[in-house]
Amino acid sequence: MEQRIIGRTGQKVSVVGLGTWQLGADWGEVTEKDALAVLDAAVESGVTFFDTADVYGDGRSEQLIGAYLRDRPDAGLLVATKMGRRVALDPALYTLDNFRAWTDRSRANLGVDRLDLVQLHCPPTPVYSADAVFDALDTLVEEGRIAAYGVSVETCEEALTAIARQGTASVQIIFNAFRLKPLEQVLPAAAEAGVGIIVRVPLASGLLSGRYTKDTAFPADDHRTYNRHGESFDQGETFSGVDFATGVEAAAEFAALAPEGATPAQTALRWIIQQPGVTTVIPGARSPEQARANAAAAALAPLPEAALRAVREIYDGRIRAQVHHRW
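These numbers were taken from a predicted model, which means no experiment stands behind them.

### Overview of the nonpolar core
At step 1: By size, the foremost hydrophobic cluster in this structure holds 87 residues, and its most contacted members are F50, F99, L120, L137, V171, I173 and F178.
At step 2: With 10 residues, the next largest nonpolar core counts I6, L78, A80 and A169 among its residues.

### Concerning the sheet that holds strand β10 (residues 280-281)
At step 1: Taking strand neighbours across the sheet as the criterion, the eight strands line up as β3-β4-β5-β6-β7-β8-β9-β10 in an open arrangement whose pairing is parallel. The sheet is open, and its two borders are formed by β3 (18-19) and β10, each paired with just one other strand.
At step 2: Helix α3 (residues 96-110) rests against β5 (78-83) and β6 (117-121) of the sheet, and its axis sits at about 140 degrees to β5.

### Considering helix α10 (residues 288-296)
At step 1: Within α10, burial applies to P288, A291, N294 and A295. Buried positions in α10, seen along its axis, are confined to an arc of 130 degrees and lie on one side of it.
At step 2: Contacts made by the buried residues of α10 are with α1 (32-44) and α9 (264-273).

### Quick look at the pattern of salt bridges
At step 1: What the rule picks out here adds up to 23 salt bridges.
At step 2: In this structure, the salt-bridge partner of D58 is R105, at a minimum N-O distance of 3.2 Å. Here R105 lies in helix α3 and D58 lies in the loop between β4 (49-51) and α2 (60-71), a separation of 47 residues in the sequence.
At step 3: Relative accessible area serves as the criterion here: at 23%, R105 is assigned to the partly exposed category.
At step 4: Between R145 and D104 there is a salt bridge whose closest N-O contact spans 2.9 Å. On the criterion of sequence distance, the pair formed by R145 in the loop between α4 (131-143) and β7 (149-152) and D104 in helix α3 is long-range, its members being 41 residues apart.
At step 5: On the basis of relative accessible area, R145 is assigned to the buried category, the value being 18%.
At step 6: Residue D104 is classed as partly exposed on the basis of its relative accessible area of 28%.

### Overview of the pairing of β5
At step 1: Burial of β5 is extensive: six of the six residues sit out of reach of the surface.
At step 2: Here β5 shows a buried face lined by L78, A80 and K82 and a second buried face lined by V79, T81 and M83.
At step 3: In this sheet, β5 lies alongside β4 in parallel orientation, the contact comprising three bridges. Each bridged residue has a counterpart across the sheet, and for F49 the counterpart in β5 is L78.
At step 4: Regarding the hand of the β-α-β motif, the stretch spanning β4, α2 and β5 is right-handed.
At step 5: Pairing between β5 and β6: four bridges, direction parallel. Pairing of A80 across the sheet is with L117, part of β6.
At step 6: Read from β5 through α3 to β6, the crossover connection turns out right-handed.

### Notes on the environment of G284
At step 1: Note that G284 resides in the loop between β10 and α10.
At step 2: Classification of G284 as partly exposed rests on a relative accessible area of 38%.
At step 3: Residues G284 and D51, 233 residues apart in the sequence, show an inter-C-alpha distance of 9.5 Å.
At step 4: Apart from the residues lying within four places of it in its own chain, the contact partners of G284 are L18, G19, Q22 and N294.

### Here we look at the pairing of β7
At step 1: Neither face of β7 is exposed, since Y149 and V151 on one face and G150 and S152 on the opposite face are all buried.
At step 2: The handedness of the β6 to β7 crossover, carried by α4, is right-handed.
At step 3: Sheet topology places β7 next to strand β8 (residues 168-174); four bridges connect them, and they run parallel. Paired with V151 across the two strands is V171, which belongs to β8.
At step 4: Read from β7 through helix α5 (residues 156-163) to β8, the crossover connection turns out right-handed.

### A look at α9
Each α-helix winds once per 3.6 residues, and so residues spaced three or four apart point in a common direction.
At step 1: Here α9 lies mainly inside the structure; 10 of its 10 residues are buried.
At step 2: Among all positions of α9, only P264, A265, Q266, T267, A268, L269, R270, W271, I272 and I273 are buried.
At step 3: Where α9 is buried, its residues contact β1 (3-5), β9 (196-200), α8 (244-255), β10, α10 and α11 (305-323).

Parameters and conventions
- Residues numbered from 1 in each chain as written.
- Predicted model: local features only at pLDDT ≥ 70, side-chain atom pairs only at ≥ 80, totals over all residues.
- Heavy atoms only, no water.
- Core = buried A, V, L, I, M, F, W, Y, C linked by side-chain atoms within 4.5 Å.
- Buried < 20%, exposed > 50% of the residue type's maximum accessible area, 1.4 Å probe, protein only.
- Pairing = 2+ DSSP bridges.
- Helix = DSSP H or I, 4+ residues; strand = E, 2+ residues; numbered from the N terminus.
- Contact = heavy atoms within 4.5 Å.
- Axes fitted to C-alpha atoms, helices over the stretch in contact; angles between N-to-C directions.
- Arc of directions from axis to C-beta.
- Salt bridge = Lys/Arg side-chain N within 4 Å of Asp/Glu carboxyl O.
- Right-handed = clockwise from strand over helix to strand, strands pointing away.

Here it is in structure tokens:
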């Protein structure tokens, strides 16, 4: 699989990585056996980048990856985690002492001496402008607790503020065929600054797979049920903030763009991969089959110009008015 350098880390990662929120919580139950099978299928398919967070299952996702790393120390993986959402979202809590405690917990969960990449996990907006926060992150690098740091953001404005920081190695942002705003400023700014772009929610929480209808129901412990209107965290994390019924209709149009031999989900991932400035995309997977199918998107031919225009037309016609002003 194609490998790209992830910003200022200087390290290479696969263009399709694996997001592991679903292995911890909030997407329905996933057993330990199934979770480890997903990780194994991803690696066997060429994936070299896992993304997790200390809050996914309160550390379960990190622990599962740690168990996998113990069994496969030669897998050649770069593992990114996140910190900052196990406490109240109060800028005053983003201190060096807390950062040390949080990263020490993640190091223990993952079974490593030094974390490859730590991202602030969608912190309050004022945090991005706080010199003391980034000084503290620099200290973690100097102490050897972490190799590099980045941020996971909700908005384009937050991304641009983070990109302007000299120590920021990467920015993780929601970007997909239903969320085009990052194309305007964020991706060009990151490319110019040498900052990596990690794309999350690439399938709009599954909408772009084309598998849902307006009547599709999700389990009660799935965020696509309990956070549909932003009840528990930012609404943009669920269906990219798109109204479900609207998204289903738009997804049907998008599915028609899939080239022969490719699924709509693979087409959505291929569309992201070929956007200038993107380093890696991190779809989740709850089964080995999903992990392998996601990885296979990297081998698809670039989408033709007509398909790219059609994506823009779907967005402008159905989605833009709902989401563009917010994210």
